Amino acid sequence: MVDIRWFDDNASLAPALASAVAADLRAALQSGAEAALAVSGGRSPVPVFEALREEDLDWARVVVTLVDERWVPETDSASNAALVKAHLLQGRAAAARFVPLYTGDATAQDAETKLAATFKSLPLPFAALILGMGDDGHTASLFPASPNLDAGLALGASIADTPPCLAQVGAVAPTERMSMTLPWILHARRVYLQFGGAKKAEVFTAALAEPNRQYPVSFVLAQTQTPVVVFASRS
Ligand SMILES: O=C(O)[C@H](O)[C@@H](O)[C@H](O)[C@H](O)COP(=O)(O)O
């Protein structure tokens, strides 16, 4: 079941999404020693990060990681780790523990096994996980044209038998990417999908209609295992 919440613009959407994620983190911290949060990169999350970091919660017990990463060091302007450190892990939220995806290995593929071990040490399931969406219906770094999209979307195997992160290589994006796989994206108490703009609203409507490899985000919307809350604006 997908809960869809429309907002006039990203400026009004961002604090509402930040508040919802903070409530999930507080709830997880009430029942566990730590809470895990996974976030996406891109432009849309920045105001959400800047609102979330002001939330009064026990950030020292929060572990933040990424849903996907461009395979570049943090010194590169494309780095999602750098984006999260610049906009989320500031102020109160600076106390959180950050788990990057970029390992320094030559290729994302070389890092898959290492990340599998890293992810198994996270306080799972994720208290919350924030996805974005591209105009092409990609989410995380699961792109329609990715040569190993099927591996990234494959459900059915147990979470223990599914790699948490797979390299998304080939001409799918300007930079080689590492992406969480769908089973691990859904290994969360709640998944949030955030997007804005008329084009994305149109793609979202098509993706909501049926699961379709043309729109990888459709597989997040079609599943019934994990609650999905959509924070959307048409502008
Ligand atoms: O690394 C990334 O870029 C993101 O994880 C990616 O999946 C993003 O969520 C969408 O491309 C939307 O990006 P915008 O918010 O910039 O439109």
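Residues numbered from 1 in each chain as written. Predicted model: local features only at pLDDT ≥ 70, side-chain atom pairs only at ≥ 80, totals over all residues. Heavy atoms only, no water.

In the nomenclature of an unreviewed UniProt entry, the chain is known as 6-phosphogluconolactonase of Methylocaldum szegediense. As its UniProt record puts it under Catalytic activity (unreviewed entry), the chain is described as follows: "6-phospho-D-glucono-1,5-lactone + H2O = 6-phospho-D-gluconate + H(+)". Under the heading Pathway (unreviewed entry), UniProt records this for the chain: "Carbohydrate degradation; pentose phosphate pathway; D-ribulose 5-phosphate from D-glucose 6-phosphate (oxidative stage): step 2/3." (UniProt positions renumbered as here; feature names shortened; annotations may be inferred.)

### A closer look at unusual backbone geometry
A cis amide bond links leucine 124 with the next residue in sequence, proline 125, at an omega value of 0°. You will see that alanine 140, though not glycine, has its phi angle at about 50°, which is positive. Within the secondary structure, alanine 140 is located in the loop between β6 (128-131) and α5 (149-153). What makes alanine 140 buried here is its relative accessible area of 7%. (Helix = DSSP H or I, 4+ residues; strand = E, 2+ residues; numbered from the N terminus. Buried < 20%, exposed > 50% of the residue type's maximum accessible area, 1.4 Å probe, protein only.)

### Re the nonpolar core
In this structure, Val64, Leu129 and Met180 are the most contacted members of the largest nonpolar core, which totals 80 residues. Examining the composition of this core, we find that 10 residues originate from one element, helix α1 (residues 10-31), more than from any other. (Core = buried A, V, L, I, M, F, W, Y, C linked by side-chain atoms within 4.5 Å.)

### Here we look at the site of the ligand
Taken together, 14 residues form the shell around the ligand, and within it Arg43, Ser44, Asp68, Ala140 and Lys200 come nearest. With respect to the ligand, the side chain of serine 44 contributes an N or O atom lying 2.5 Å from an oxygen atom. Arginine 70 places a side-chain nitrogen or oxygen 2.7 Å from an oxygen atom of the ligand. Judged by its atoms lying within 2 Å of the grid points, the ligand is housed in the largest pocket. Partitioning the shell around the ligand into residue classes produces two nonpolar, seven polar and five charged. (Near = heavy atom within 4 Å. Polar contact = N/O pair within 3.5 Å; in protein donor to acceptor, adjacent residues only side chain to side chain. 1 Å grid on protein atoms, 1.4 Å probe; cavity = no way out; pocket = protein on both sides within 12 Å on 5 of 7 lines; lining within 4 Å. Sits in = over half its atoms within 2 Å of the grid points. Nonpolar A, V, L, I, M, F, W, Y, C, P; charged D, E, K, R; others polar.)

### A look at the pattern of salt bridges
Counted under the stated rule, the structure contains 10 salt bridges. Residues arginine 53 and glutamate 54 are paired through a salt bridge, measuring 3.6 Å at the closest nitrogen-oxygen approach. Across the salt bridge formed by arginine 177 and aspartate 68, the nearest N and O atoms sit 3.6 Å from each other. Linking arginine 177 in strand β8 (residues 177-180) with aspartate 68 in strand β4 (residues 68-70), this pair joins segments that are 109 residues apart in sequence. (Salt bridge = Lys/Arg side-chain N within 4 Å of Asp/Glu carboxyl O.)

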